[in-house]
Amino acid sequence: MDFPTHQSWTQAEVEALFALPFPDLMFRAQTVHREHFDPNAVQIATLLSIKTGGCPEDCGYCSQSAHHPTGLAASKLMPLDAVLAQAQAAKQAGASRFCMGAAWRSPKDRDIDAVCAMVEGVRALGLETCVTLGMLEAEQARRLKAAGLDYYNHNLDTSPEYYGSVITTRTYQDRLDTLAHVRDAGIHVCCGGIVGLGETVADRASLIATLASLPRPPESVPINALVRVEGTRLARSEPIDALDFVRVVAAARITMPQSFVRLSAGRESMTDEAQALCFLAGANSIFHGAKLLTTPNADQGKDRALLDRLGMAAWS
Ligand code: SAM
Ligand code: DTB
Ligand code: SF4
């Protein structure tokens, strides 16, 4: 099959990428990667949960859903000074990007006031900013843009076909609407998904094709491997094979050549060798820090040692 060079990809075309012999897939991904990025650099991002737990949504994977008995204590929105102290520490530890997440279905207008102040403060430290706050109205997106927000993260999570088995409290269209508001406000879109939710290979291809065929592809594409949290509905899902995970990263790179592809949740349970293959496949960002939002992240010392062993550097 001839693969498209244009922006629109079908599920069948992405399935054909997955079906390529691994060396051919990796070669294609590296070739595309080198046309647009320094292949030896990764962007270091740090995550902070600014409002944890008690979320009314029923996302089957999430530790923060009130539908799940995960034992996670719900907290209020963090105060500005505490957030800025964490951002400063992240910068000191080598991060150039700071991502703040809140366990909301959608923020209230007064929440937006508080988050705008956080965005301004984090930017003033010289860090790129990203927030993920749930569904957003058009005016809320414009206010975040005015505060200087660089990226808004809102994931499609999985294929349109499998979505209903993962989340019932908001629709795929709700997510697409939020992405359109973010795009229209002039904020960069950070949108990806999770694998290892019990989806099929066809679902993975459909997710990637949907992302790549958005009116404009997201500038940032996080690929998460499910962190299986005890008490969540999907805690017993079969983990994805490491090489199949690499194939998803490669397909994201090939179909969205100019986007940052972020090796996001799930690194803690990946070998160094699997992570190295993800970098070869075109991943060029990692979350660095003791925690993701609520779960442990890969060890920070091991991250530094891995980048050293690979001769790779932090992108800035
Ligand atoms: N509440 C907001 C929302 O869902 O839009 C923002 C925070 S939410 C935790 C951000 C994203 O993290 C989710 O869309 C999902 O893709 C990812 N995520 C959450 N829990 C995860 C888990 N256990 N493993 C992997 N990814 C996860
Ligand atoms: C994304 O795609 N992955 C990050 C970020 N966007 C907000 C979140 C990962 C969360 C992993 C589970 C946890 O720590 O609660
Ligand atoms: Fe709530 Fe976000 Fe978790 Fe879904 S993923 S339950 S919306 S915090």
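Look up a bit, the structure's there.
Fair warning: this is a prediction, and the values are worked out from it, not measured in the lab.

Student: In this structure, what is going on with the pairing of strand E3 (residues 128-132)? I would like to understand it.
Tutor: Looking along a regular strand, one sees side chains alternate from face to face of the sheet. Most of E3 sits out of view: five of its five residues are buried. Of the two faces of E3, the one holding Glu128, Cys130 and Thr132 and the one holding Thr129 and Val131 are both buried throughout. By the bridge criterion, five bridges tie strand E2 (residues 97-102) to E3 in an arrangement that is parallel. From the neighbouring strand, Met100 faces E3, where its bridge partner is Val131. At this point the chain moves from E2, through helix H4 (residues 109-124), to the parallel E3, and the crossover so formed is right-handed. Traced from E3 through helix H5 (residues 138-146) to strand E4 (residues 151-153), the parallel crossover comes out right-handed.

Student: Looking at this model, I keep getting lost on the nonpolar core. Mind explaining?
Tutor: In a soluble, globular protein the nonpolar side chains are often hidden away together inside. One finds Tyr61, Leu133, Leu144 and Phe245 to be the most contacted residues of the largest nonpolar core, which totals 90 residues. When residues of this core are assigned to their parent elements, the largest contribution, eight residues, is made by helix H8 (residues 242-255). Sequence-distant contacts of Leu144, defined by excluding residues within four places in its chain, comprise Ile112, Val115, Cys116, Leu133, Leu136, Leu149, Tyr152 and Ile187. In terms of nonpolar packing, the next biggest core, distinct from the first, is built from 11 residues, Phe37, Tyr151, Cys190 and Ala265 among them.

Student: It is not clear to me how the site of ligand 2 should be interpreted in this structure. Could you clarify?
Tutor: Around ligand 2, a shell composed of 13 residues is seen, among which Asn155, Asn224, Leu293, Thr294 and Thr295 lie nearest. Within the side chain of Asn155, a nitrogen or oxygen atom sits 2.8 Å from an oxygen atom of ligand 2. In the environment of ligand 2, an oxygen atom lies 2.6 Å from a nitrogen or oxygen atom belonging to the side chain of Thr294. Protein coverage of the free-state accessible area of ligand 2, which is 400 Å², stands at 86%.

Student: Looking at this model, I keep getting lost on the pattern of salt bridges. Mind explaining?
Tutor: Pairing is possible between side chains that carry opposite charge, provided their charged atoms lie close to one another. Scanning the model with the defined rule gives 14 salt bridges in all. Among the ionic pairs, Arg170 bridges to Glu57, the shortest N-O distance being 2.8 Å. Remark: Glu57 occurs in the loop between strand E1 (41-51) and helix H3 (80-92) and Arg170 occurs in the loop between E4 and helix H6 (172-184); sequence separation between them is 113 residues. Taking the relative accessible area as the measure of exposure, Glu57 reaches 2% and is therefore buried. Salt-bridge contacts for Arg123 lead to Asp150; the nearest nitrogen and oxygen are separated by 3.3 Å. Within this pair, whereas Arg123 is found in helix H4, its partner Asp150 is found in the loop between H5 and E4, the two being separated by 27 residues in sequence. Among the charged side chains, a salt-bridge network with shared partners connects Glu57, Arg105 and Arg170.

Student: Looking at this structure, I do not really get unusual backbone geometry. What am I missing?
Tutor: Trans peptide bonds make up most of the peptide bonds, and negative phi angles are found at most residues other than glycine. Residues other than glycine seldom take positive phi values, yet Asp157 does so here, at roughly 70°. Tracing the sequence through the fold places Asp157 in the loop between E4 and H6. Given a relative accessible area of 2%, Asp157 falls into the buried group.

Student: I tried to follow the packing of aromatic side chains on my own but got confused; where do I start?
Tutor: For any pair of aromatic rings, the description consists of the separation of the ring centres together with the inter-plane angle of the planes. Applying the stated criterion to the full structure yields three aromatic pairs. Ring geometry for Phe37 and Phe260: centres 5.2 Å apart, planes at 65°, overall edge-to-face. In this pair, Phe37 sits in the loop between helix H2 (22-36) and E1 while Phe260 sits in strand E8 (residues 260-263), placing the two residues 223 residues apart along the sequence. The two residues Phe37 and Phe260 agree in class, both being buried.

Student: Mind showing me how you'd approach H6 here?
Tutor: Every α-helical turn comprises 3.6 residues, leaving residues that sit three or four positions apart pointing alike. Compared with the 18 Å implied by 1.5 Å per residue over 13 residues, the 18 Å span of H6 between its first and last C-alpha is a close match. Positive phi appears at Gly186, one or two residues downstream of H6, with a value of about 85°.

Student: Would you explain the side chain of His288 in this entry?
Tutor: Summarising the element assignment, His288 is placed in the loop between strand E9 (285-287) and helix H10 (300-310). A distance of 2.9 Å separates polar atoms of two side chains, one belonging to His288 and the other to Asp303.

Student: Please explain the packing of helix H1 (residues 11-19) against H8 as it appears in this structure.
Tutor: The axes of two packed helices give the description: the angle between them and the distance between them. Their axes nearest at 10 Å, the elements H1 and H8 cross at an angle of 130°. Between H1 and H8, the angle falls in the class oblique. The handedness of the crossing between H1 and H8 comes out as right-handed. Across from Val14, Leu17 and Phe18 in H1, the residues of H8 making contact are Arg247, Val248, Ala251, Ile254 and Thr255. Residue composition of the contact of H1 with H8, by class: six nonpolar, one polar and one charged.

Conventions and cut-offs
- Residues numbered from 1 in each chain as written.
- Chains lettered and ligands numbered in written order.
- Predicted model: local features only at pLDDT ≥ 70, side-chain atom pairs only at ≥ 80, totals over all residues.
- Heavy atoms only, no water.
- Buried < 20%, exposed > 50% of the residue type's maximum accessible area, 1.4 Å probe, protein only.
- Helix = DSSP H or I, 4+ residues; strand = E, 2+ residues; numbered from the N terminus.
- Pairing = 2+ DSSP bridges.
- Right-handed = clockwise from strand over helix to strand, strands pointing away.
- Core = buried A, V, L, I, M, F, W, Y, C linked by side-chain atoms within 4.5 Å.
- Contact = heavy atoms within 4.5 Å.
- Near = heavy atom within 4 Å.
- Polar contact = N/O pair within 3.5 Å; in protein donor to acceptor, adjacent residues only side chain to side chain.
- Areas by Shrake-Rupley, 256 points an atom, 1.4 Å probe, with all protein chains shown as cover.
- Salt bridge = Lys/Arg side-chain N within 4 Å of Asp/Glu carboxyl O.
- Phe/Tyr/Trp six-rings, centres within 6.5 Å; stacked < 30°, edge-to-face > 60°.
- Expected span 1.5 Å × (residues − 1).
- Axes fitted to C-alpha atoms, helices over the stretch in contact; angles between N-to-C directions.
- Parallel < 35°, antiparallel > 145°, perpendicular 65-115°, else oblique.
- Left-handed = near helix turned anticlockwise from the far one by under 90°.
- Nonpolar A, V, L, I, M, F, W, Y, C, P; charged D, E, K, R; others polar.

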